[in-house]
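Inside the fold
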Amino acid sequence: MNNTSELNAQLKRNENMWQIWEQNGINSETEFIVNFHFYTPKKENMELLCQKLGNQNTPTSVKETRTLIFLKGWKIEAEILKKWTLDELQLKTKRIVFIAQQAGVSLEGCSAMMPKRQG
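Residues numbered from 1 in each chain as written. Predicted model: local features only at pLDDT ≥ 70, side-chain atom pairs only at ≥ 80, totals over all residues. Heavy atoms only, no water.

**Section: the sheet that holds strand S1 (residues 31–40)**
An order of S2-S3-S1-S4 is seen for the four strands of this open sheet, with the pairing classed as antiparallel. With partners counted over all chains shown, the strands left at the sheet margins are strand S2 (60–66) and strand S4 (106–111), one partner each. Strand-to-strand, the axes of this sheet are offset by a mean angle of 20°, without reference to chain direction. Note: S1 against strand S3 (residues 72–83), ten bridges, orientation antiparallel. (Pairing = 2+ DSSP bridges. Helix = DSSP H or I, 4+ residues; strand = E, 2+ residues; numbered from the N terminus. Axes fitted to C-alpha atoms, helices over the stretch in contact; angles between N-to-C directions.)

**Points about the packing of aromatic side chains**
Applying the stated criterion across every chain yields a total of two aromatic pairs. With a centroid separation of 5.6 Å and 70° between ring planes, the pair formed by tryptophan 18 and tryptophan 21 is classed as edge-to-face. Of this pair, tryptophan 18 and tryptophan 21 both sit in helix H1 (residues 4–23), three residues apart, which is roughly one turn of the helix. Relative accessible area serves as the criterion here: at 4%, tryptophan 21 is assigned to the buried category. Note on tryptophan 21 and phenylalanine 32: the rings are 5.1 Å apart at their centroids and 80° apart in plane angle, and the pair reads as edge-to-face. Taken together, the positions of tryptophan 21 in helix H1 and phenylalanine 32 in strand S1 put the pair eleven residues apart, joining distant regions of the chain. Put simply, the rings of Trp18, Trp21 and Phe32 pair up and form one aromatic cluster. (Phe/Tyr/Trp six-rings, centres within 6.5 Å; stacked < 30°, edge-to-face > 60°. Buried < 20%, exposed > 50% of the residue type's maximum accessible area, 1.4 Å probe, protein only.)

**A word on the packing of H1 against helix H3 (residues 86–103)**
Interhelical geometry of H1 versus H3 gives an angle of 150° and a closest axis separation of 10 Å. The angle between the axes of H1 and H3 places the two elements in the roughly antiparallel class. The two elements H1 and H3 meet at a crossing, and its hand is right-handed. Here Leu7, Gln10, Leu11, Asn14, Glu15, Trp18 and Trp21 of H1 lie close against H3, whose contacting residues are Leu86, Leu89, Gln90, Thr93, Lys94 and Val97. Class assignment for the residues of the contact of H1 with H3 results in seven nonpolar, four polar and two charged. (Parallel < 35°, antiparallel > 145°, perpendicular 65-115°, else oblique. Left-handed = near helix turned anticlockwise from the far one by under 90°. Contact = heavy atoms within 4.5 Å. Nonpolar A, V, L, I, M, F, W, Y, C, P; charged D, E, K, R; others polar.)

**A look at helix H2 (residues 43–55)**
Taking 1.5 Å as the rise per residue, H2 with 13 residues should run 18 Å; its terminal C-alpha atoms sit 18 Å apart, in good agreement. Within the span of H2, buried status applies to Asn45, Met46, Leu49, Cys50 and Leu53. For H2, the arc enclosing every buried residue in end-on projection is 135°, short of the 170-degree limit, so these residues lie on one face. When the buried face of H2 is taken as reference, the exposed residues oriented beyond 90 degrees from it are Glu44 and Asn55. In this structure, the buried side of H2 is in contact with S1, S2, S3 and H3. Looking one or two places after H2, you find asparagine 57, whose phi comes out positive at around 60°. (Expected span 1.5 Å × (residues − 1). Arc of directions from axis to C-beta.)

**Quick look at the pairing of S3**
For S2 and S3, the ladder comprises seven bridges, and the chain directions are antiparallel. Bridging across to S3, valine 62 finds its partner in isoleucine 76.

Below, the structure written as structure tokens:
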């Protein structure tokens, strides 16, 4: 994610996701995991992103990918479990985008599995 319009597009997608979550009973008292997805063709950038996120106590997982026989890249996923609000999701997304830009990594987006309804 390299510019303001891409960030704004992600924030808008977050708003749309949040509306769907709310319609399914999710609120600020629901603890669930939000996954942030990244991609980079450079191992050094992947390592830097993982280090920066690790410094913020954000766990990551990495998967090496191959787009062609000789081209490889890395998919990185950061998983954050907490009670979310839309404002917190938006703020975290902005921070994540900043960190990704510093590391030279693309934020592909974020997602979450719908938690089971309580009660």
